[in-house]
Amino acid sequence: MTKIDSDSTTPAPLSPTLASEILAAVEAGFESQITFTGELVRRPSLRGQEGTAQDFLFEALKARGYGMDRWTIRVPDIENHPGFSPVKTDYSNAVNVVATHRPRTEKGRSLILNGHVDVVPEGPLDMWSRPPFEPWVEGDWLYGRGSGDMKAGLVANIFALDALRTLGLQPAARVHVQSVVEEECTGNGALACLVRGYEADAAIIPEPEDNKLVRANVGVIWFRVHVRGLPVHVRDAGKGANAIEAAFRLIQALRGLEQSWNDRQGAYRYFEDYEHPINFNVGRIEGGDWASSVPAWCSFDCRIAIYPGVAAREAADEIEACLQEAARNDPFLANNPPSVDFNGFFAEGYVLEEGSEAEATLARAHATSFRGALESFVTPSYLDGRVFVLYGKTPCLVYGPTARSIHGFDERVSLSSLKQVTGTIALFIAEWCGLEPVS
């Protein structure tokens, strides 16, 4: 067992023998882990429909003897926090689950094992090889919506602790296992955990990151643009104003803003050489009422990234200014300006500073499990890690397995990668938290 200095809360590095035993325990439990992950994938957890999956996790964690907390997120509890993202969605079904392990004697360092249970819509079913919520294994891959992003990682957190328990060991420090909602749209789930009082000396989020550590991560803003047109019968189309066509002119202006922000990348550490770090996307558009009527209205939903260190409010002001300038230069929109509504991600990016003991511990665990050096990289997607780094002042290690087609068709996660990542997490827990005999 890992020995802890009586005068220190810093556990010693693991012995090779104990490390081998931990990895063997992960191996022995891996078939059960695959089955459990499949059962979680089988429970659709789209936005507002996460309840069944959260109930499944709650009961599984409760059966393991952890202290349990389950609550519905209340907007008034978090809306005044600087990390809050504005929402108009009903949160009556937005439920977080947290399981807590408490040791007999607090000797090591505390830890949060976080993961999100919500998944993105599956899209047209006929474009999947099989039904997306009926998981299947083919070769090294477990398929299904949410398998990679990120139910496999969420389950890895649980089974890493299970592996230690099969050896008669448990963390000698407080550990919180978090299953949160809203990661795919606001980040308010992880934020609600922080506001509720869940903090620790380090956090791990096993997002699908190709067995690498995220060094820096962009922020994300969601917004909806509303355009009003002048409806007439199509026979007099020249006398009207097509709101859908006007919307496309505004989209082109936003493309120009995207390029402008990409041109600034040299000013932002870790993004200087990243190809196109700022991505703008029109994810949804609707408008008009009748094929033979010039459209009177059009609304389109957008997502754009922002660099770490850029305030979300400042970026939002630039977005509004871009739309206003485009409208002033448009004969129709000059007198009928669009409106913009920020509803969803209003999240700032973060940088994981190098040199933390948490990162050094992860590097040792990764090297043992993968027999290779830990690599880090930057990513242009949203991560809940920003909640921990920016507002919890906690080193957050976003590190997880290889996955393919996340947010796409035939989403899948590599099982060999997943097993090694689970081993890394188990080794990290053992060293970071220290170990004691199971209560």
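Cut-off values and rules
Residues numbered from 1 in each chain as written. Predicted model: local features only at pLDDT ≥ 70, side-chain atom pairs only at ≥ 80, totals over all residues. Heavy atoms only, no water. Pairing = 2+ DSSP bridges. Helix = DSSP H or I, 4+ residues; strand = E, 2+ residues; numbered from the N terminus. Contact = heavy atoms within 4.5 Å. Axes fitted to C-alpha atoms, helices over the stretch in contact; angles between N-to-C directions. Expected span 1.5 Å × (residues − 1). 1 Å grid on protein atoms, 1.4 Å probe; cavity = no way out; pocket = protein on both sides within 12 Å on 5 of 7 lines; lining within 4 Å. Points joined across faces, edges and corners; volume = space filled by probe spheres on them. Nonpolar A, V, L, I, M, F, W, Y, C, P; charged D, E, K, R; others polar. Buried < 20%, exposed > 50% of the residue type's maximum accessible area, 1.4 Å probe, protein only. pLDDT = per-residue confidence, 0-100. Salt bridge = Lys/Arg side-chain N within 4 Å of Asp/Glu carboxyl O. Polar contact = N/O pair within 3.5 Å; in protein donor to acceptor, adjacent residues only side chain to side chain. Arc of directions from axis to C-beta. Phe/Tyr/Trp six-rings, centres within 6.5 Å; stacked < 30°, edge-to-face > 60°.

With that settled, the discussion passes to the sheet that holds strand E4 (residues 136–138). Each strand in a sheet pairs with another by means of backbone hydrogen bonds, the pair being arranged parallel or else antiparallel. Taken together, four strands build an open sheet; the order of strands is E4-E5-E19-E18 and the sheet is antiparallel. Whereas interior strands pair on both sides, the edge strands pair on one side only; in this sheet they are E4 and strand E18 (403–404). Sheet topology note: the E4/strand E5 (residues 141–143) ladder contains three bridges and is antiparallel. Looking at the pairing, Trp136 lines up with Tyr143 of E5. Lying on the sheet, helix H11 (residues 415–433) is in contact with E4, E5 and strand E19 (412–414); it crosses E19 at an angle near 60 degrees.

Looking now at helix H2 (residues 30–41). The end-to-end C-alpha separation of H2 is 16 Å, in line with the 16 Å expected for 12 residues at 1.5 Å each. Next to the buried residues of H2 lie helix H1 (16–28), helix H3 (51–63), E4, E5, helix H5 (147–166) and H11.

As a further point, take the layout of surface pockets. Its boundaries defined by the atoms lining it, the largest pocket holds a volume of some 1,300 Å³. Around the largest pocket sit 40 residues that line it, and Val120, Glu184, Trp222, Phe345 and His407 are the ones nearest its centre. Mapped onto the lining of the largest pocket, the elements with two or more residues apiece are strand E10 (219–228), strand E11 (280–287), strand E12 (297–306) and strand E16 (376–379). When its residues are assigned to classes, the lining of the largest pocket shows 17 nonpolar, 11 polar and 12 charged.

A word on the pairing of E12. Burial analysis of E12 places nine of its 10 residues in the buried class, the great majority of the element. The pairing of E11 with E12 spans seven bridges and is classified as antiparallel. Residue pairing in the sheet places Val282 in a bridge with Cys302 of E12.

What follows concerns the confidence of the model for the chain. Per-residue confidence for the chain averages 94 on the pLDDT scale, and 95% of its residues sit at or above 70. Low confidence marks residues 1–8, where pLDDT is under 50. Its contacts with residues over four positions away, or in another chain, come to 18 contacts.

Moving on: the pattern of salt bridges. The tally for this structure, following the rule as stated, stands at 23 salt bridges. For the salt bridge of Asp55 with Arg70, the shortest nitrogen-to-oxygen distance reads 2.9 Å. In this pair, Asp55 sits in helix H3 while Arg70 sits in strand E1 (residues 67–72), placing the two residues 15 residues apart along the sequence. As a salt-bridge pair, Arg269 and Glu353 come within 2.8 Å of each other at their nearest N and O atoms. Residue Arg269 is found in the loop between helix H7 (243–262) and E11, and its partner Glu353 is found in the loop between strand E15 (350–351) and helix H9 (357–370); the two are separated by 84 residues along the sequence. We classify Arg269 as partly exposed; its relative accessible area is 43%. Taken together, the salt bridges that share partners define one network made up of Arg224, Arg284, Glu286 and Asp301.

Right, let's get into the environment of Thr394. Looking at where Thr394 falls in the secondary structure, it is placed in the loop between helix H10 (385–391) and strand E17 (396–398). Using a relative accessible area of 7% as the deciding quantity, one classes Thr394 as buried. Sequence separation between Thr394 and Leu352 is 42 residues, and the spatial gap between their C-alpha atoms is 9.6 Å. In this view, Thr394 contacts Ala200, Asp201, Ala202, Ala203, Phe388 and Val389; residues no more than four positions away in its chain are not counted. Within polar-contact distance, the side chain of Thr394 engages the backbone oxygen of Ala200 at 3.4 Å.

A few words now on H1. Taking 1.5 Å of rise per residue, the 13 residues of H1 would be expected to cover 18 Å, and the 18 Å separating its terminal C-alpha atoms lies within 8% of that figure. Taken together, the buried positions of H1 are occupied by Leu18, Ala19, Ile22, Ala25 and Val26. Looking straight down H1, one finds that the buried residues subtend no more than 120 degrees of arc, so they occupy a single side. Those residues of H1 that are exposed and angled more than 90 degrees off the buried face are Pro16, Thr17 and Ala28. Elements that come into contact with the buried residues of H1 comprise H2, H5, strand E6 (169–171), H9, H11 and strand E20 (435–437).

To continue, consider the sheet that holds strand E3 (residues 111–116). The strand order across the open sheet formed by six strands is E1-E2-E7-E3-E8-E17, and the pairing between neighbours is mixed. Both outer strands of the open sheet, E1 and E17, are each paired with one neighbouring strand and no more. Averaged over all adjacent pairs, the angle separating strand axes in this sheet is 15 degrees, with direction ignored. Pairing of strand E8 (residues 203–205) with E17, which is carried by three bridges, proceeds in the parallel orientation.

What follows deals with the packing of aromatic side chains. Summed over all chains, the structure comprises 13 aromatic pairs. Plain terms: the ring middles of Trp128 and Phe409 are 6.4 Å apart, the flat faces sit at 85 degrees to each other, and that makes the pair edge-to-face. In this pair, Trp128 sits in the loop between E3 and E4 while Phe409 sits in the loop between E18 and E19, placing the two residues 281 residues apart along the sequence. Looking at Trp128, the relative accessible area reads 6%, which means it is buried. Judged by its relative accessible area of 30%, Phe409 is partly exposed. Aromatic side chains Phe428 and Trp432 sit 5.6 Å apart centroid to centroid with 20 degrees between the ring planes, which places their arrangement in the stacked category. In this pair, Phe428 and Trp432 are both assigned in helix H11, four residues apart and thus about one turn of the helix distant. With a relative accessible area of 0%, Phe428 lands in the buried category.

Considering all chains together, one arrives at one cavity of 30 Å³ or more under this definition. Of the voids in this model, the largest cavity is the one considered here, and its volume is about 40 Å³. Lining the largest cavity, in full, are Tyr66, His101, Leu161, Leu164, Arg165, Leu169, Gln170 and Pro171. For the lining of the largest cavity, the elements supplying multiple residues, two or more each, are H5 and E6. Its residues assigned to classes, the lining of the largest cavity comprises five nonpolar, two polar and one charged.

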